[in-house]
Structures are given as structure tokens and as C-alpha cells.
Amino acid sequence: MKKTFLLFDIIIAVLLSCCMICFCELSISAALKIIFIIVIVFAYLFTLFKRGKDAPSPRLRRIQRGADLILTGGWAAVISVIALIVWMVRSEAAVGFKIGGAVIAIAVIGFMVFIGVAKIVSGAKQVKIRDYVLLLMFWWCPVVNIFLVRKYYQTARREYIIEADRIELDNARAENEVCSTKYPIILVHGIFFRDWQLVNYWGRIPATLIKNGAKVYYGKQQSSLAVADSAAELKKTILDVIKESGAEKVNIIAHSKGGLDSRYAISCLGMDKYVATLTTMNTPHEGCDMVDYLLEKVPDGLKSFLENKYNTIFHKLGDTAPDFMAGVNDLSAINRKEQNKKMPDSPNVSYRSYMTVMRESGSAGFPLNIGYLLIKKLNGANDGLVWEESAKHGDFTLIKPKHKRGISHGDIVDLMRENIEDFDVREFYVDIVRKLKEQGY
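Okay, so let's go over this structure. (Residues numbered from 1 in each chain as written. Predicted model: local features only at pLDDT ≥ 70, side-chain atom pairs only at ≥ 80, totals over all residues. Heavy atoms only, no water.)

Regarding the overall build of the protein chain
Next up, step 1: Within the protein chain, the secondary structure is distributed over 16 helices and six strands.
Next up, step 2: What you see for the protein chain is a C-alpha radius of gyration of 28 Å, clearly larger than the 22 Å of a compact globule of 441 residues, by over 25%.
Next up, step 3: Each of the three principal axes of the protein chain carries a C-alpha extent, and together these read 95 × 55 × 40 Å.
Next up, step 4: Across the 441 residues that make up the protein chain, the buried fraction comes to 51%.
Next up, step 5: Accessible surface computed for the protein chain: about 21,800 Å², of which carbon and sulfur atoms make up 64%.
Next up, step 6: For the protein chain, the distance from the average site of its 57 positive side-chain charges to the average site of its 46 negative ones is 5 Å. (Helix = DSSP H or I, 4+ residues; strand = E, 2+ residues; numbered from the N terminus. Rg over C-alpha atoms; globule rule 2.2 N^0.38 Å. Buried < 20%, exposed > 50% of the residue type's maximum accessible area, 1.4 Å probe, protein only. Areas by Shrake-Rupley, 256 points an atom, 1.4 Å probe, with all protein chains shown as cover. Lys, Arg positive; Asp, Glu negative; His and termini not counted. Charge placed at Lys NZ, Arg CZ, Asp CG, Glu CD.)

Given below as C-alpha cells:
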């Protein structure tokens, strides 16, 4: 049925694109020709603005319809070009009619593709800003614009398939509540971020976990403090969650420095009585040699400038007393060696850790691309901020996707909401929480 509708759309676009051929060559009255063209124009407009029917959400319907319009425009362009070339060579029509036929075809197909791109822009989340800029710059350039639009189509089609499958999967297993763990989940963010609900640090992950039965809370610590101070804030959150949920314990999933904050709360602040499991994601348990390198190389004046600017900005964004340098210093490999001695693992808590690595500097944007190159030189495989060996703690798992892109420090928490080939970050977390449930946590 879907192919039939697309074929209908292509036929309408071709007929309107080649309307000058019909006007010049059909052996019917002028009135009938005009009526025919008017009917085709209305059918064309209907084709442009009709809604997709199969998609599971309004956003995906826009993406689906936009991709269909681009595909229709592409096929219509190929057929129309062939038809117009044959007509221009064989027809004895006036040159003005032939030029008019070419202009109409360009306008009809160009407008169809434009509407398709606009629909994709209004719904797609995987098209990058770089692609928007390139299309705005080169939409007028033949051949180049074809490749750019083709990329839009491929990106949109892939997003539609992935998101539609995601919704279908979640709906199919919703009643099973595969993420309904015995203890609630607390997601603990890393350094330089806050738990803003409007722009979630954890991307699409919490919504997926909740849809599959999880009870999700957030760490709520400030963006940058010493580990001990962040742990004190996390302690309050843990006790609040225990009180609110009525559960005896919690499961913590922590990213980056959040894993250090969690370990300190467990080992030094008595939270081992209330934490069943700690799962760390790309946490620098052994510190970051890159931090020591930069602390040594960066002038004190620049450090003070960055500290003052950061603290001022994040104070306005909601932190009560942000401390940029305290947070950075606690990521130092040298400092971590001393602090780890004060944070022994508790026998009451199950520890597990995960780590991902980038494959090349182009796997992420600034500053992780620069961090990747520096850490690769200092230590080896890394995610743009943490090197592989530093992330090991408890039951360790290294994630290495087949695709050359790799997974960065931000990708592991879906920071950019990007669909990465060979790695579904949402399903990755569903699997983690599902295992917690199966293990009785």
C-alpha cells in the first residue's frame, strides 16, 4: 500500500513537471488542457501537504512524509528530465515553450523537495547543524545540492526507522516492566553539568527506563565541587529517595565524576547501608593524567580566569557555591591515588563499571576531540576525557562497537541524543537495569 501511494505521488509530480508537454502535444481542446492542469495542480498540492499515516507519533509522521517527498522528488526528477529531453529534441514546439517546460519542471520538483526538507527539519533530531549550514550555502549549486539533499533523506529515513522500532519495542514489552527493579534508580551526573529536567543530562535514557517500569531519581549535586562536598549533597538525595519511595536501598548509576561522588558517599558517609549497587559509566577511578598535565602547563592567571567565569555563570544557573578548581583537582591522577585509599569498597555494595572508547578524534566535537588526542598520547585508548584503565572498578565491561566512530564520554549518557551505528544507548541502559532486576536489586 505504501509503495502504491508513493507511485501515485511520483506520477502526479511527473505530470505537473511535464505539463508543458501535455499542453503542446495533447490533441484536445485548450479548455480541457487547462482543466487537466488545474486538476493536477490540486493533486500536487494534496501530495505536498498530506500527512503520513503509518508513523507512531506526530514528529515521526513529519519525518516520514518529508523523506517520502524527497524520494518522490528524486524519482520525478529523473523521469521528467528524460521526458523533457526527448520532447525538446523531437518536438517542433517554439523555443519559448521548451524553456518554459524546463522552468516549470525545476519549480515543481524543487518546491516538492523544499517542502520535504522543511518537514524533516521540523521533526528530525539527528540532522546536524553542519548539514543545515551546508544546505543553506549550497542549495543553488547543481550536483552538490543533490548530494546534500540525499544525505538529509538518508539521515531522516534512518531516524524514522530507529525511533519507530524503539516505540514499538517499548510498547510491546511495557506490561512486562523489565526495568522494574526492587530498589529505585538514582542517576548521578558528572562534572560541569546539573540535573536540569528541561534539558536532561541523560538524554533519552530516563524516559526509556521509566517506560519500561523503572523508578528514576537524580543525584542533584552541584556542577563542580570537591568529591567530598558533592558526596555530601548526594547523601542527602539518597536519604530523601529512601524516605519518598519507602525502599530500603537504592541502585546508583553514575557517570564520570559522579561515580567518585557516589563511592565517597558509600565509603565515607555511611551510605553503604542504603546503596545496593553502584554502576559507574566512564568514571576516572584512577584519575585523569590529562588533568595533571594541564594543571602543570596552564598559567595560574588563566586558571583563575576560568575559575571565576565558571563559578559566576553556574551560580546564576542554580549552583549555590560552585567550585571549578576543587572539582578539577579531584580528577587529578595524583590526587586520586591518595583519595582512593580513603574510599575502600564496601562489602555491602555490588560494584560494576562500564567504559567506552573513541576510535578517532572525529568521533566527538570540542573539547573531547582535543582530549582524545592528548590522552591517547599520554595513556592510550580513551573516550575523550577518561582513559580505559582508569575506568575499571568492580565487575568491569569495555564497550567496543564495530563502527569506526566509537563512543565518546558524552555519548554514553546520550548527551547529544545521537543515534550511533551499532550502539543503541537506550537499550544499553535497559539491559543494565534489567540485569539488576534479574539479580534481585
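A short note on empty space enclosed by the protein
Gaps left between atoms show up when a probe the size of a water molecule is rolled over them.
Next up, step 1: What the rule picks out here adds up to three cavities of 30 Å³ or more.
Next up, step 2: Considering the residues around the largest cavity, the lining is formed by Val127, Asp131, Leu148, Lys151, Tyr152 and Thr155.
Next up, step 3: Element by element, the count of residues in the lining of the largest cavity is highest for helix H7 (residues 144–173), at four residues.
Next up, step 4: The residue makeup of the lining of the largest cavity, split by class, is three nonpolar, one polar and two charged. (1 Å grid on protein atoms, 1.4 Å probe; cavity = no way out; pocket = protein on both sides within 12 Å on 5 of 7 lines; lining within 4 Å. Points joined across faces, edges and corners; volume = space filled by probe spheres on them. Nonpolar A, V, L, I, M, F, W, Y, C, P; charged D, E, K, R; others polar.)

Regarding the nonpolar core
Next up, step 1: Counting residues in each nonpolar core, the largest one holds 40 residues, and the members touching the most others are Tyr44 and Ile120.
Next up, step 2: Sorting the residues of this core by element identifies helix H1 (2–17), helix H2 (19–25), helix H3 (30–49), helix H4 (58–90), helix H5 (95–123) and H7 as the ones contributing at least two each.
Next up, step 3: For Tyr44, the residues in contact, after removing those within four places along its chain, are Ile12, Leu16, Val108, Phe111 and Met112.
Next up, step 4: By size, the runner-up hydrophobic cluster in this structure holds 27 residues, among which are Val178, Leu209, Tyr354 and Tyr429. (Core = buried A, V, L, I, M, F, W, Y, C linked by side-chain atoms within 4.5 Å. Contact = heavy atoms within 4.5 Å.)

Thoughts on the environment of Ser332
Next up, step 1: By secondary structure assignment, the location of Ser332 is in the loop between helix H13 (324–329) and helix H14 (333–341).
Next up, step 2: When the C-alpha atoms of Ser332 and Glu286 are compared, they prove to be 8.4 Å apart, with 46 residues separating the residues in sequence.
Next up, step 3: Within the structure, the side chain of Ser332 is placed 2.4 Å from the side chain of Asp292, a separation counted as a polar contact. (Polar contact = N/O pair within 3.5 Å; in protein donor to acceptor, adjacent residues only side chain to side chain.)

Structural notes on the layout of surface pockets
Next up, step 1: Quantified by volume, the second largest pocket comes out at close to 1,200 Å³.
Next up, step 2: Taken together, 35 residues make up the lining of the second largest pocket; nearest its centre are Ile109, Val113, Asn145, Ile146 and Val149.
Next up, step 3: Secondary structure elements with two or more residues in the lining of the second largest pocket: H4, H5, helix H6 (129–138) and H7.
Next up, step 4: For the lining of the second largest pocket, the element with the most residues is H4, which contributes twelve residues.
Next up, step 5: When its residues are assigned to classes, the lining of the second largest pocket shows 29 nonpolar, five polar and one charged.

A few points about the environment of Ile205
Next up, step 1: Within the fold, Ile205 resides in helix H8 (residues 205–211).
Next up, step 2: Separated by 172 residues in sequence, Ile205 and Lys33 have C-alpha atoms that sit 57 Å apart.
Next up, step 3: Those residues within four positions of Ile205 in sequence are excluded, and the remaining contacts are Ile412, Val413, Asp414, Val425, Arg426 and Tyr429.

Observations concerning helix H15 (residues 368–378)
Next up, step 1: Buried within H15 are the following residues: Leu368, Asn369, Gly371, Tyr372, Leu374 and Ile375.
Next up, step 2: On its buried side, H15 packs onto helix H11 (289–297).
Next up, step 3: Of the residues trailing H15, Gly380 is marked for its positive phi of about 125 degrees.

Describing the pairing of strand E4 (residues 275–281)
Next up, step 1: With respect to burial, E4 is a largely interior element, seven of its seven residues being buried.
Next up, step 2: Pairing of strand E3 (residues 250–255) with E4, which is carried by six bridges, proceeds in the parallel orientation. Opposite Ile253, over in E4, you have Thr279 as the bridge partner.
Next up, step 3: Once the chain exits E3 it traverses helix H10 (residues 257–268) before rejoining the sheet at E4, and the crossover so formed is right-handed.
Next up, step 4: Relative to strand E5 (residues 350–356), E4 runs parallel, the two being bridged by five bridges. Bridge pairing in E5 links Leu278 to Tyr351. (Pairing = 2+ DSSP bridges. Right-handed = clockwise from strand over helix to strand, strands pointing away.)

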